[in-house]
Protein chains: 4
Amino acid sequence: MSRYTRNKWRLKLQKIIYEADTPAGKLFDVVLLITILASVILVMLESVHSIDRKFHSFLNISEWVITILFSIEYILRIVTVKKPLKYVLSFYGIIDLLSTIPKYISLIVGGVHALAALRALRLLRVFRILKLARYLGASNNLMSAIKASRAKISVFLFAVIIISIILGTIMYLVEGEEHGFTDIPRSVYWCIVTLTTVGFGDIAPQTPLGQLIASLVMILGYGIIAVPTGIVSAEYTAQAKKEKPLSNPQICSKCLAENHNNKAQYCYNCGERIHS
Amino acid sequence: MSRYTRNKWRLKLQKIIYEADTPAGKLFDVVLLITILASVILVMLESVHSIDRKFHSFLNISEWVITILFSIEYILRIVTVKKPLKYVLSFYGIIDLLSTIPKYISLIVGGVHALAALRALRLLRVFRILKLARYLGASNNLMSAIKASRAKISVFLFAVIIISIILGTIMYLVEGEEHGFTDIPRSVYWCIVTLTTVGFGDIAPQTPLGQLIASLVMILGYGIIAVPTGIVSAEYTAQAKKEKPLSNPQICSKCLAENHNNKAQYCYNCGERIHS
Amino acid sequence: MSRYTRNKWRLKLQKIIYEADTPAGKLFDVVLLITILASVILVMLESVHSIDRKFHSFLNISEWVITILFSIEYILRIVTVKKPLKYVLSFYGIIDLLSTIPKYISLIVGGVHALAALRALRLLRVFRILKLARYLGASNNLMSAIKASRAKISVFLFAVIIISIILGTIMYLVEGEEHGFTDIPRSVYWCIVTLTTVGFGDIAPQTPLGQLIASLVMILGYGIIAVPTGIVSAEYTAQAKKEKPLSNPQICSKCLAENHNNKAQYCYNCGERIHS
Amino acid sequence: MSRYTRNKWRLKLQKIIYEADTPAGKLFDVVLLITILASVILVMLESVHSIDRKFHSFLNISEWVITILFSIEYILRIVTVKKPLKYVLSFYGIIDLLSTIPKYISLIVGGVHALAALRALRLLRVFRILKLARYLGASNNLMSAIKASRAKISVFLFAVIIISIILGTIMYLVEGEEHGFTDIPRSVYWCIVTLTTVGFGDIAPQTPLGQLIASLVMILGYGIIAVPTGIVSAEYTAQAKKEKPLSNPQICSKCLAENHNNKAQYCYNCGERIHS
């Protein structure tokens, strides 16, 4: 095989693997998407004892098939890409390796529980295929709204954490260890559970004073939730408005009327022709 | 009975059953609405053991009365409609059948529990009578706001599910089986419970690290809720705004252009005078 | 005492009781407010066994003092008002009677538990004194925003209830009685608990399928909360905007510039005097 | 040391401690920030029994080091500031004292539990260093939005508390003591837990009627949350809008009027030309 032919092959494969414009590329993406979803479902099912006991060998073989498929894909990606090292060290390169390797390690070490679950990281690969950006494109406003309000939301979260630490310490003093508030970190954890209105109930205040403080925490949390919502929705409205000024900047040269329709050719007020 | 008389009868019944303009049609709708509500309450009461024991025969007879009424209605609908097959295979046709048939089957098979509850589907029939569209008409803005933000909300929900699967797997590794996180699907379920700030508390993290991650999940969920709210409220504001410049019902008599400005006196498309 | 003097007295008392413009009227309002709050706290403390045991006679005497004060107030209100019957049958008239009478009845019947708690209704009287309208005046926008979105919120709540009944019935079929879903009303209750993201955890799904449906319910609830929030916030924005057009409707007679400052006396664009 | 040299030293120290413009001042701030965070983590870890047992002497020594560092800082602050008494009695002065003194008292009294936790107040000191205002500067809109909606949110919270007391009393009557609603304060606490959608589940209604009322409370809470969110988001949008027309920093050179329109060329107050 001449070097030229090899390069042509590499280019062809690269197009299939990294792009989605050709039919082959699309097919590759769809097959990969299905394989990833199947592999994630496999990992989840494997962790269920009753299912694992019944279908152990089936799950094991499927897992091997998927691992080998992913290994081939990983090697092909390295071979076809121009700068292999850059890919290997990239975010998706590491994810690809981490989601493939556990099964091989299990061969050597045998039944490493934690490593097996690492395979759930495969789900992150879904983002690559879905090329979410394309779908998110429609919600660009949303993205820039979140970006624009990032600083404010950070300050907000920082305040939530400080409130939680102070109120958690107070609850630790008020309720004490006999009511489940065994130490300050646990009390802070309870405070976050309550402030975010999750409310597990595994720890709950028992003394009247503790319940009074808890009530204040809850009402505070109920009120605080308005802040990030208000920020995002206001920023989002602002983003949406920024886009609009393009509607029709024309002003009638005769009567100075504004706010013409987007497709307007004549002034709605005096009938004068509008030059766009 | 001549064919003509039969047709006249059919037309009359059709008007009563399918329309609500005539007094008879309105009466039919009100009676049907009460029957449906009564039947749903019956199904609910029947499932309560203490009530079922006391009033078994009363509930049974009432159920039969309602089933026969619904059967008559179902037959009348088939007879009077122009395309019976289309009705039978339509969404409401299937609902009507499914909500009538269980009682008859119980005669043959006897006490089929699951089938009985199927009758709760009758509630879906309420929507037909209420002709919700009429009430929703006022909230058209709301509907189009939800529609406009559908794509973004899908992306959002998709992200929520992926976050739940990844964080659920991490929690499974961190907390392990002895603390209730028996398998990955269950951990993912816990993660959704926490992220949506529901927080049942049937499963709750016990280890400090687990509680730390849980805190992050909760704060994340607390922040994430701002996103759909922001989207809907911004879209809704946008919809409300769009409506105003479109509120001119005039259509140009010359070029048939629509969507004239509210104060428009001349067509923006051809310059023709608009008579309001 | 002549009839004239009596009338003068009645008028004076009426001013003190029903109005808050005179110093005496203000004093009356403050004293009444404190009495009401004290009486509500008394009712709450009385229900706590440990406190009731210790301070029974003190609580009893205080309750009698307050009851007699309220009785005097009730009689004075009837005597001074122009149309006594109208007052007695009004909302606040009934509340006033219901919050005074239980203590007297307890004399005859003795220890009627439920009647005692009726006194908590006294809290409703607070609204009269605070003349909340005055404070709410500032949030008129809010009130009209809620009013404007009432119809939409009703449709929304109606949909929430129907969803709860249908999903509750499905959960009853899926989870069954052994997992706490003993009957349909209880399942519907669970569904409302979950959909509103409250999540008590007294009932929780145990089967994988039940947990899957529960996840859908939770995500649905998480998304649905965006709807009323979006409605209120959009309506509120709309209300706030309606108010604004009053800012400055002037248009410069020379250059037709708009959006003049509220206090503007000269056009910001050409310096021409603006006639307001 | 002459008085002059002492004054120069004092000024230098003052600049380092109270300002952050010089490199030394910045270094001081960073060291203080790290010390505060370390001290708070120490307090939290100390409360965990298993950690305290293992690392008791290490934690004790670290705590002493930090206490001495804070003592020095406290003395330096008093020495360098112009009005020492004003500092001592200021909010941060009291916080500084309260967060330093517990360790010294523990020497005399020995193991005073509650005092130890007082040290968590140190966290409040973080706000001083971070000079949060600087970060919050970006979110000035947010601050003024919250301020503007303060009155409305107070009315809202007041309404939430009254609703909770009334519904809590009703639940106390309906559910009674055998189902956990032992007294009215506890029922009110439950009502707040439910209304804010926290839902611990430590107390939960058992009777059908109680569950029905609970459902109403939950749906009410689910709807009510829309109100503060709507307020904040609308006010925030309004604040963002207000800012724009005010963005012209020009002040009329003749009449000193401010808040000129963005495109203003003439003073709206006196007609004088504005030079931008």
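In every chain, residue numbers begin from 1 and rise along the written sequence. Chains and ligands are labelled by the order in which they are written, letters from A for the one and numbers from 1 for the other. Totals for whole chains, interfaces and linings use all residues, but because this is a predicted model, local features are given only for residues with pLDDT of at least 70 and pairs of side-chain atoms are given and counted only at 80 or more. The basis for the side-chain values is all heavy atoms of the structure; hydrogens and waters are excluded.

## A closer look at the overall build of chain A
Stage number 1. In this text, helices come from DSSP runs of H or I with a minimum length of four residues, and strands from runs of E with a minimum of two, each type numbered from the N-terminal end. The secondary structure content of chain A amounts to 15 helices and zero strands.
Stage number 2. For chain A, the residues scored as buried account for 46% of the 276 residues in total.
Stage number 3. Contact criterion: two residues are considered in contact whenever any of their non-hydrogen atoms come within 4.5 Å of each other. Of the contacts formed within chain A by residues at least 6 apart in sequence, a portion of 55% connects residues at least 24 apart.
Stage number 4. When the accessible surface of chain A is split by element, carbon and sulfur atoms take 68% of a total near 14,200 Å². With a 1.4 Å probe rolled over the protein chains alone, any residue whose accessible area is under 20% of its type maximum counts as buried; one over 50% counts as exposed, and the rest are partly exposed. Note on areas: these come from Shrake-Rupley sampling with a 1.4 Å probe, and a residue is covered only by the protein chains present in the view.

## Concerning a nonpolar patch on the surface
Residue and element names in this part refer to chain A.
Stage number 1. Each patch is assembled from residues with relative accessible area greater than 30% and no salt bridge, linking like charges that lie within 9 Å and nonpolar side chains (Val, Leu, Ile, Met, Phe, Trp, Tyr) that lie within 5 Å. By salt bridge we mean one thing: a side-chain nitrogen of Lys or Arg within 4 Å of a carboxyl oxygen of Asp or Glu. A cluster of nonpolar residues, Ile61, Val65, Ile68, Leu69, Ile72, Leu97, Ile101 and Tyr104, forms a patch on the protein surface that exposes about 660 Å² of accessible area.
Stage number 2. Elements with a contribution of two residues or more to the nonpolar patch: helix 4 (56-80) and helix 7 (101-108).
Stage number 3. Among the elements that make up the nonpolar patch, the one with the highest residue count is helix 4 (five residues).
Stage number 4. The topology assignment puts Leu97 in helix 6 (residues 91-98).

## Regarding the confidence of the model for chain A
All names here are of chain A.
Stage number 1. Looking at chain A as a whole, the pLDDT averages 77, with 74% of positions reaching at least 70.
Stage number 2. Values of pLDDT, which run from 0 to 100, indicate the predictor's confidence residue by residue. Of all secondary-structure elements in chain A, the lowest mean pLDDT belongs to helix 10 (residues 132-137), at 48, while helix 13 (residues 184-195) reaches the highest, 92.
Stage number 3. Interface predicted TM-score (ipTM) for the complex: 0.76; the corresponding pTM is 0.79.

## Comments concerning the packing of helix 13 of chain A against helix 14 (residues 208-224) of chain A
All names here are of chain A.
Stage number 1. As a rule, the C-alpha atoms of each element are fitted with a line to give its axis, helices using only the stretch in contact, and angles between N-to-C directions run from 0 to 180 degrees. Between helix 13 and helix 14, whose axes approach to 8 Å, the crossing angle comes to 50°. Classed by the angle they form, the pair helix 13 and helix 14 counts as oblique. Across the interface between the two elements, Trp190, Cys191, Thr194 and Leu195 of helix 13 pack against Ala214, Val217, Met218, Leu220 and Gly221 of helix 14.
Stage number 2. Residues are grouped as follows: Ala, Val, Leu, Ile, Met, Phe, Trp, Tyr, Cys and Pro are nonpolar; Asp, Glu, Lys and Arg are charged; all remaining types, including Gly, are polar. Broken down by class, the residue content of the contact of helix 13 with helix 14 amounts to seven nonpolar, two polar and no charged. Working rule for angles: under 35 degrees goes down as roughly parallel, over 145 as roughly antiparallel, 65 to 115 as roughly perpendicular, anything else as oblique.

## Description of the pattern of salt bridges
Residue and element names in this part refer to chain A.
Stage number 1. If you walk through the whole model with that rule in mind, you get six salt bridges over all chains.
Stage number 2. Of the charged contacts in the structure, one is a salt bridge between Arg77 and Glu73, with a shortest N-O distance of 2.6 Å. In this pair, Arg77 and Glu73 both sit in helix 4, four residues apart, roughly one turn of the helix. Here Arg77 matches Glu73 in class, with each residue buried.
Stage number 3. Put simply, Arg77 and Asp96 hold a salt bridge, and the shortest N to O gap is 4.0 Å. One end of the pair, Arg77, is in helix 4; the other, Asp96, is in helix 6, with 19 residues separating them in the sequence. Pair check on accessibility: Arg77 and Asp96 agree, each one buried.
Stage number 4. Overlapping salt bridges bring together Glu73, Arg77 and Asp96 as one network.

## Here's the deal with the packing of aromatic side chains
All names here are of chain A.
Stage number 1. Here a Phe, Tyr or Trp ring, Trp counted by its six-membered ring, pairs with any other such ring whose centre lies within 6.5 Å, and the pair is stacked when the planes are under 30 degrees apart, edge-to-face when over 60, and tilted otherwise. Going through the model one piece at a time under the given rule, you end up with 18 aromatic pairs over all chains.
Stage number 2. Each ring, one from Tyr74 and one from Tyr87, has its centre 6.0 Å from the other, and the planes form 45°; the classification is tilted. Residue Tyr74 is located in helix 4, and its partner Tyr87 is located in helix 5 (residues 84-89); the two are separated by 13 residues in the primary sequence.
Stage number 3. The exposure class of Tyr74 is buried, given its relative accessible area of 12%.

## With respect to the environment of Leu216 of chain C
Residues and elements named next belong to chain C.
Stage number 1. Residue placement: Leu216 occurs in helix 13 (residues 208-224).
Stage number 2. Of the residues examined, Leu216 reaches a relative accessible area of 58% and is grouped as exposed.
Stage number 3. Between the alpha carbons of Leu216 and Leu195 there is a distance of 9.5 Å; along the sequence they are 21 residues apart.

## Some details on the packing of helix 11 (residues 150-175) of chain D against helix 12 (residues 184-195) of chain D
All names here are of chain D.
Stage number 1. Helix 12 packs onto helix 11 with a crossing angle of 120° between their chain directions and a minimal axis gap of 7 Å. With respect to each other, helix 11 and helix 12 are oriented oblique. The hand of the helix 11/helix 12 crossing is right-handed. Residue-level contacts link Val160, Ile163, Ser164, Ile165, Leu167, Gly168, Thr169, Met171 and Tyr172 of helix 11 to Ile184, Ser187, Val188, Trp190, Cys191, Ile192 and Leu195 of helix 12.
Stage number 2. Of the residues in the contact of helix 11 with helix 12, the class split is twelve nonpolar, four polar and no charged. Crossing handedness: left-handed means the near helix sits turned counterclockwise from the far one by under a right angle, and right-handed means the same turn made clockwise.

## Observations regarding the UniProt feature "transmembrane region" (unreviewed entry) in chain A
Residues and elements named next belong to chain A.
Stage number 1. UniProt positions are given in the numbering used here, feature names are shortened, and annotations may be inferred rather than shown by experiment. Sequence positions flagged by UniProt for "transmembrane region" (unreviewed entry) are, in local numbering, residues 27-45, 57-81, 153-174 and 212-234.
Stage number 2. Split by type, residues 27-45 is 100% helix and 0% strand. Its first and last C-alpha atoms lie 27 Å apart.
Stage number 3. For residues 57-81, the end-to-end C-alpha separation is 36 Å, with 96% helix and 0% strand making up the annotated structure.

## Regarding the environment of Ile231 of chain D
Stage number 1. Here Ile231 of chain D lies in helix 14 (residues 226-243).
Stage number 2. Taking the C-alpha atoms as reference points, Ile231 of chain D and Ser149 of chain D, 82 residues apart in sequence, are found 6.6 Å from one another.

## A closer look at unusual backbone geometry
Stage number 1. If you check the backbone angles, Thr197 of chain A has positive phi at about 60° while not being a glycine.
Stage number 2. Mapped onto the elements, Thr197 of chain A comes out in the loop between helix 13 and helix 14.

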